[in-house]
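Summary of structural features
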Amino acid sequence: MPHPNKNSGKKNAETFEFRSIGVIATPFKQKFGIPRQSQALSTATGIIQFASDINPINACRGLEAFSHLWISFIFHENIQSGWKDTVRPPRLGGNEKVGVFASRSTYRPNPIGLSVVKNIGLNEYNDLVIAGVDLLDQTPIIDIKPYIHYADSVNDAISGYAEGAPAMKMQVNYSPLAYSKLQTLLNTYPDFECLLNNVLEQDPRPAYKSAMKDEKIYSVLLHNVDIKWQVRDTINYVLDIETH
């Protein structure tokens, strides 16, 4: 019996065109350092700024009744890089390969991402504020849907190689210089210390680095602030904080 989707032995890929409904402003100015999952691992806040032809008051009517949302978006900086059918997930140490569809890799046949976030609501500018984001600044948003607990939460779900809690969080310490600059920075970004600790305690380095001696000084950019840090034993040590 012929396969129902086959036509003369070949299957033609269909093409669809999507529009952006807006972009999201987040503290993450580069991909390095972004928490690898939303909500469960991220404390960062994002602001969705809607396209000019969308009326947020109408389009978001009733959304305030939902505590959490599904956000669909585009991995816009990965489009030119293409994709592969196998990837190396960080949860497997970056050494073992699995199929791209068995991963949360950002390099996919179609560069579409999906995150669960906390709904803070519309602000005074009618932008939608959300918390627990893992998106690069200025990521295009293509859809928003309410998270519905009875339909979206599966109590007996099995998570394969990602089963169980993430690795233990790393301690974050500051040099006297960095800590002094941090206190000044809190006048502009009151939640910056919480955000920075959230990023560094998850060890944003490539997974294979955690199993080897690593004296490299890393840099991560949050908002317009460049943070220099280094792993010392099992501690992420912030060396300096520079505002651009």
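Figured I'd write up the structure that's included with this text. Source: prediction; values computed, not measured.

It is worth spelling out the nonpolar core at this point. Grouped together as the largest cluster of nonpolar side chains are 41 residues, with contacts concentrated most on Ile48, Ile71, Ile130, Ile141, Ile144, Ile227 and Val238. Those residues in contact with Ile227, other than ones at most four positions away along the chain, are Phe192, Leu196, Tyr218, Ser219, Val220, Leu222, Val238, Asp240 and Ile241.

Even without being glycine, Asp203 reaches a positive phi, approximately 55 degrees. Summarising the element assignment, Asp203 is placed in the loop between α4 (192-200) and β10 (217-222). Judged by its relative accessible area of 12%, Asp203 falls in the buried class. In the Ramachandran plot, His223 falls in the positive-phi region, its phi being about 55 degrees despite a non-glycine side chain. Judged by its relative accessible area of 24%, His223 is partly exposed.

Here the structure, examined in full by the defined rule, presents nine salt bridges. Notably, a salt bridge pairs Asp53 with Arg19, separated by 2.9 Å at the nearest N-O pair. Residue Asp53 is located in the loop between β2 (45-50) and α1 (56-59), and its partner Arg19 is located in the segment before β1 (22-25); the two are separated by 34 residues in the primary sequence. The class for Asp53 is exposed, based on a relative accessible area of 54%. Beyond isolated ion pairs, a larger network of salt bridges with shared partners links Asp203, Arg205 and Asp214.

Moving on, we come to the packing of aromatic side chains. Tallied over the entire structure, the rule returns seven aromatic pairs. Plain terms: the ring middles of Phe32 and Tyr218 are 6.1 Å apart, the flat faces sit at 25 degrees to each other, and that makes the pair stacked. Of this pair, Phe32 sits in the loop between β1 and β2 while Tyr218 sits in strand β10; the two residues are 186 residues apart in sequence, bridging distant segments of the chain. The exposure class of Phe32 is partly exposed, given its relative accessible area of 26%.

Turning next to the sheet that holds strand β8 (residues 139-146). With antiparallel pairing, six strands are arranged side by side around a closed barrel as β1-β2-β7-β6-β3-β8. Going across the sheet, the axis of each strand differs from the next one's by a mean of 45 degrees, ignoring polarity. Bridging between β1 and β8 involves three bridges; their strand directions are antiparallel. Looking across to β8, one finds that Ile24 is bridged to Thr139.

Tracing the chain through its elements places Ile74 in strand β3 (residues 68-74). On the accessibility criterion, Ile74 (17% relative accessible area) is buried. Sequence separation between Ile74 and Leu135 is 61 residues; the distance between their C-alpha atoms is 9.6 Å. Once residues lying within four places of it in the same chain are set aside, the contact partners of Ile74 are Ile79, Pro111, Ile112, Thr139, Pro140 and Ile142.

Time to look at the sheet that holds strand β12 (residues 235-243). Read from one edge to the other, the open sheet built from four strands follows the order β9-β12-β11-β10, with strand pairing classed as mixed. Bordering the open sheet on either side are β9 (171-174) and β10, each of which pairs with just one other strand. Averaged over neighbouring strand pairs, the angle between their axes works out to 35 degrees when direction is ignored. Alignment of β9 against β12, held across four bridges, turns out to be parallel. Within the sheet, the bridge partner assigned to Gln171 lies in β12 and is Ile235.

The rules behind the values
- Residues numbered from 1 in each chain as written.
- Predicted model: local features only at pLDDT ≥ 70, side-chain atom pairs only at ≥ 80, totals over all residues.
- Heavy atoms only, no water.
- Core = buried A, V, L, I, M, F, W, Y, C linked by side-chain atoms within 4.5 Å.
- Buried < 20%, exposed > 50% of the residue type's maximum accessible area, 1.4 Å probe, protein only.
- Contact = heavy atoms within 4.5 Å.
- Helix = DSSP H or I, 4+ residues; strand = E, 2+ residues; numbered from the N terminus.
- Salt bridge = Lys/Arg side-chain N within 4 Å of Asp/Glu carboxyl O.
- Phe/Tyr/Trp six-rings, centres within 6.5 Å; stacked < 30°, edge-to-face > 60°.
- Pairing = 2+ DSSP bridges.
- Axes fitted to C-alpha atoms, helices over the stretch in contact; angles between N-to-C directions.

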